[in-house]
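Next come the chains, spelled out residue by residue.
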Amino acid sequence: PMPFASLADLGEQLEQTTKRRELGTMLAEFLQRLTPEEVPPAVRLTIGQVFPEWDGRTLNISWRALMAAVDSLTDGSQAVRDQVFSDAVDGGEAVRLLLERARRRAPSPPGLTILDVYHTFEEIAATSGRGSRAGKAELLQGLLQRSSAVEAKYLTKIISKEMRHGVSEGLMLDGIARAAGVKSRQVRRANQLWGDVGEVAAVALAEGEAGLVAASIRLFRPVKPMLAQTAQQVSEAFERYGGQFALEYKFDGARVQIHRQGDTVRIYTRNLAEVTASLPDLVAQVRDGLDAEEAILDGEAVAVDAQGRPLPFQHLMRRFRRKHDLEATIEEIPVQLHLFDLLFIGGESLVDTAYVE
């Protein structure tokens, strides 16, 4: 099994360069050393993700809880702590320095593997209800007890989603393409359809181009949205596309992707988070008004006033944040749905179909 120390060492190497080509080479070499089972978690952990973007699970570990676990392993004076936080550039570095300067005892065997870390994170995310805070703390402390100072630095960075080594998802996709010997655009297309850079890496490395070309849209697996490009003037768009394009109103709402199969309707944001429970009125509208039994729609949800006039984005956010007394909120802040794209219908993906069609 690949030691977690290898991922931490990779992070240290990545921090030493900003050259895109070097970063891509390091990532590709690392990926080629992984077993098939290790690839998805290792890829996500390297860029500071634990679960796929569409996966609702969270670690829910606060900085305070993390530092309490670190404090249980150290006995540094306040002066040592003050100096550490003065020297550190981020939380991960602070944890490394604390363990290097004030650790009570050496890491406990056995050493951590990448799968150990991932499966423990799964346990932490699944820990809920009464006593969950203590349960999460115990699992976290178990990881830190087995960690070297550098490994603890990267555990901290993953938990706080603050990697700071210059490797974005885009760079990781380039590294996957290089490791698998496939075209970057094939990797990016699969990632847009699946929303999981870990699965994309696993398929690319195991099946190559054939596996990526076969990538298709899936119901209830939200698609990463197409995003706008900027232009200084409207005339640029006319020049670039020769007048062959559509114009749409820009509403101050929230991007929504709607998946429907029979009576099951789920709604996702542009960040692939599910918000179905916050928008039961849109769910009913889709169930009642959409003829297709299977479809994926892309559009904008817009809060409106009593006269149907659009309200600022902040009003819609109140709908998303409200957990209780939703009926009153629906009446207070009605929402209109403005659709602008059809991605899937009746078992057929339209993602690669020309817009004019």
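In this report, we go over the structure that sits alongside the text. (Residues numbered from 1 in each chain as written. Predicted model: local features only at pLDDT ≥ 70, side-chain atom pairs only at ≥ 80, totals over all residues. Heavy atoms only, no water.)

**What to know about the overall build of the chain**
Consideration 1: The number of helices and strands found in the chain is 16 helices and five strands.
Consideration 2: Considering only C-alpha atoms, the chain reaches an extent of 65 × 50 × 40 Å along its principal axes.
Consideration 3: A burial count over the chain gives 46% of its 357 residues as buried.
Consideration 4: Excluding contacts between residues fewer than 6 apart, the proportion of contacts in the chain whose partners are at least 24 apart in sequence is 72%.
Consideration 5: Just so you have it, the chain exposes about 18900 Å², and 50% of that area is on carbon and sulfur atoms.
Consideration 6: Computing the positive centroid from 42 side-chain charges and the negative centroid from 50, the chain places the two 5 Å apart. (Helix = DSSP H or I, 4+ residues; strand = E, 2+ residues; numbered from the N terminus. Buried < 20%, exposed > 50% of the residue type's maximum accessible area, 1.4 Å probe, protein only. Contact = heavy atoms within 4.5 Å. Areas by Shrake-Rupley, 256 points an atom, 1.4 Å probe, with all protein chains shown as cover. Lys, Arg positive; Asp, Glu negative; His and termini not counted. Charge placed at Lys NZ, Arg CZ, Asp CG, Glu CD.)

**Observations regarding the packing of aromatic side chains**
Consideration 1: Under the definition given, this model contains four aromatic pairs.
Consideration 2: Both rings, one in Tyr241 and one in Phe245, keep their centres 6.4 Å apart while their planes meet at 65°; by these two values the pair is edge-to-face.
Consideration 3: For Phe245, a relative accessible area of 29% corresponds to the partly exposed category.
Consideration 4: Among the aromatic residues, those joined into a cluster by ring pairs are Phe238, Tyr241 and Phe245.
Consideration 5: The cationic tip of Arg266 hangs over the ring face of Phe220; the distance from NZ or CZ to the ring centre is 4.7 Å. (Phe/Tyr/Trp six-rings, centres within 6.5 Å; stacked < 30°, edge-to-face > 60°. Lys NZ or Arg CZ within 6 Å of the ring centre and 35° of its normal.)

**A short note on empty space enclosed by the protein**
Consideration 1: Per the counting criterion, the structure on display carries one cavity of 30 Å³ or more.
Consideration 2: Each pocket or cavity is described by its volume, and for the largest cavity that value is around 30 Å³.
Consideration 3: What lines the largest cavity is Val223, Pro225, Arg255, Val256, Gln257, Tyr268, Thr269, Arg270, Leu272 and Asp298.
Consideration 4: For the lining of the largest cavity, the element with the most residues is strand S1 (residues 254–261), which contributes three residues.
Consideration 5: For the lining of the largest cavity, the class distribution of residues is five nonpolar, two polar and three charged. (1 Å grid on protein atoms, 1.4 Å probe; cavity = no way out; pocket = protein on both sides within 12 Å on 5 of 7 lines; lining within 4 Å. Points joined across faces, edges and corners; volume = space filled by probe spheres on them. Nonpolar A, V, L, I, M, F, W, Y, C, P; charged D, E, K, R; others polar.)

**Some remarks on the nonpolar core**
Consideration 1: In this structure, Phe4, Ile114, Phe121, Leu144, Met172 and Ile176 are the most contacted members of the largest nonpolar core, which totals 74 residues.
Consideration 2: Those residues in contact with Ile176 that lie beyond four places of it in its chain are Leu31, Val43, Val187, Val197, Ala201 and Ala204.
Consideration 3: In terms of nonpolar packing, the next biggest core, distinct from the first, is built from 19 residues, Val265, Leu297, Ala303 and Leu316 among them. (Core = buried A, V, L, I, M, F, W, Y, C linked by side-chain atoms within 4.5 Å.)

**Description of the pattern of salt bridges**
Consideration 1: If you walk through the whole model with that rule in mind, you get 28 salt bridges.
Consideration 2: A salt bridge links Arg101 to Asp87; its shortest N-O distance comes to 3.2 Å. Placement of the pair is Arg101 in helix H6 (residues 91–102) and Asp87 in helix H5 (residues 78–87), with a sequence separation of 14 residues.
Consideration 3: The salt bridge partner of Glu199 is Arg221, with a shortest N-O separation of 3.0 Å. Here Glu199, found in helix H12 (residues 197–213), pairs with Arg221, found in the loop between H12 and helix H13 (234–241); they are 22 residues apart in sequence, far enough to count as distant.
Consideration 4: Owing to a relative accessible area of 14%, Arg221 belongs among the buried residues under this scheme.
Consideration 5: What emerges from the salt-bridge pattern is a single network uniting Glu12, Glu15, Asp90, Glu93, Arg96, Glu100, Lys153, Lys157 and Arg164. (Salt bridge = Lys/Arg side-chain N within 4 Å of Asp/Glu carboxyl O.)

**As for the sheet that holds strand S2 (residues 264–268)**
Consideration 1: Judged by pairing direction, the sheet is antiparallel, and its five strands sit side by side in the order S2-S1-S3-S4-S5 without closing on themselves. At either margin of the open sheet sits one strand with a lone partner, and together these are S2 and strand S5 (348–349).
Consideration 2: Inspection of the sheet shows S1 paired to S2 by five bridges, in the antiparallel sense. By the bridge assignment for S2, Arg260 is matched with Val265. (Pairing = 2+ DSSP bridges.)

By themselves, these figures tell us nothing about what the structure is for.
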